[in-house]
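Structural overview for review
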Amino acid sequence: MTLLSKTITTFGSLFLAHACYSAREHAALQSLRAATSASLTSSPTAASSLPIDIVIETIVSTFIILLGLVLGTRPLRPLEWRVWAGKIEREGEQGFTDNSGVVDKDYMGNPFAVLESRPNFVDIRKQRRQFAKWVQEGSGKQGQ
Amino acid sequence: MPSERELQISPVVQESLVHNTRTLYNLQSLTASLFGVSAGILGLESYAGFLFYLVFSLLAATLVYALRVAPTSLAAGKPLLDTSRYFRGAYDVWAGGLMNGFAGFVLTWTLFYGLVRA
């Protein structure tokens, strides 16, 4: 994604630079022509505007760069709390990456993580039974 | 703009608001300078230049909506051209670029006008 946007922006910049150079050359040529014709015939030459191809190239390249820049923006995040928390619940940190797939630095995860990991609510006797069973199974397998 | 009562019912995540606004602001400042460059190359003067800026700012806002807002916003059941999933007011997206990037636009516009035609 980021490669795509950078490629598009670079191409657009090349076209824009070329259009700028063309416009510069055109302006220089016009002033030169005006100077020579003034010295030769002294007839006022109409100030010709920019050729249509340079105009088209400028506008198209601007649009291409704009497209690349918009594609390069970081993905937006939902505003409403319930939408945002639902996105975290559904997608996890995959939903909060920038364009190159790196997880955002300020990604804080589940906003209710404090509530879900309260040690007061751990059933310690059940865990002890499970552990004892696991130890027995392990020793049983070793004995065989 | 939502009322106090609505904000109590459906609260807003401040980090998301800051993130979205900053992303949009960065894009708007950057593209405004770009529009100034092309307006200077085209050699636009007075009203034509401002009209150019207006048209391209609206184009940029449309692209942001189409590429960044619309795919998820429409899937979530929001109506067309509604940006309330990511931004507080519609003004920020559609007309914010006119204010945020204006100085940058005029700067690069005059600079490139002078460069090309000097």
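Residues numbered from 1 in each chain as written. Chains lettered and ligands numbered in written order. Predicted model: local features only at pLDDT ≥ 70, side-chain atom pairs only at ≥ 80, totals over all residues. Heavy atoms only, no water.

With an unreviewed UniProt entry as reference, chain B is termed ER membrane protein complex subunit 6, source organism Dichotomopilus funicola. Word for word, the UniProt comment on chain B under Sequence similarities (unreviewed entry) is "Belongs to the EMC6 family." The record held by UniProt for chain B lists under Subcellular location (unreviewed entry) the comment "Endoplasmic reticulum membrane". (UniProt positions renumbered as here; feature names shortened; annotations may be inferred.)

Identification of chain A as Magnesium transporter from Dichotomopilus funicola is taken from an unreviewed UniProt entry. The heading Subcellular location (unreviewed entry) in the UniProt record of chain A holds the text "Endomembrane system". Turning to chain A, the UniProt annotation filed under Sequence similarities (unreviewed entry) states: "Belongs to the membrane magnesium transporter (TC 1.A.67) family."

1. Quick look at the interface of chain A and chain B
Taken together, the contacts link 32 residues of chain A with 38 residues of chain B. When chain A packs against chain B, the two sides together hide about 3,300 Å² of surface, and 76% of this comes from carbon and sulfur. Contact with chain B buries area across many residues of chain A, yet L66, L76 and L79 of chain A alone supply 24% of it, more than any other trio. Counting every contact that joins chain A to chain B gives 0 salt bridges. Connecting chain A to chain B are 9 residue pairs in polar contact (both at pLDDT 80 or more). Elements supplying a minimum of two residues to the side of chain A that touches chain B: α1 (2–40), α2 (52–72) and α3 (81–91) of chain A. Broken down by element, the side of chain A that touches chain B gets its largest block of residues, 11 residues, from α2 of chain A. (Contact = heavy atoms within 4.5 Å. Buried area = accessible area lost by both parts, 1.4 Å probe. Salt bridge = Lys/Arg side-chain N within 4 Å of Asp/Glu carboxyl O. Polar contact = N/O pair within 3.5 Å; in protein donor to acceptor, adjacent residues only side chain to side chain. Helix = DSSP H or I, 4+ residues; strand = E, 2+ residues; numbered from the N terminus.)

2. Observations concerning the environment of N20 of chain B
Inspection of the secondary structure puts N20 of chain B in helix α2 (residues 14–42). The exposure class assigned to N20 of chain B is buried, which follows from its relative accessible area of 0%. Once residues lying within four places of it in the same chain are set aside, the contact partners of N20 of chain B are L76, R77 and L79 of chain A together with Y86 and F87 of chain B. (Buried < 20%, exposed > 50% of the residue type's maximum accessible area, 1.4 Å probe, protein only.)

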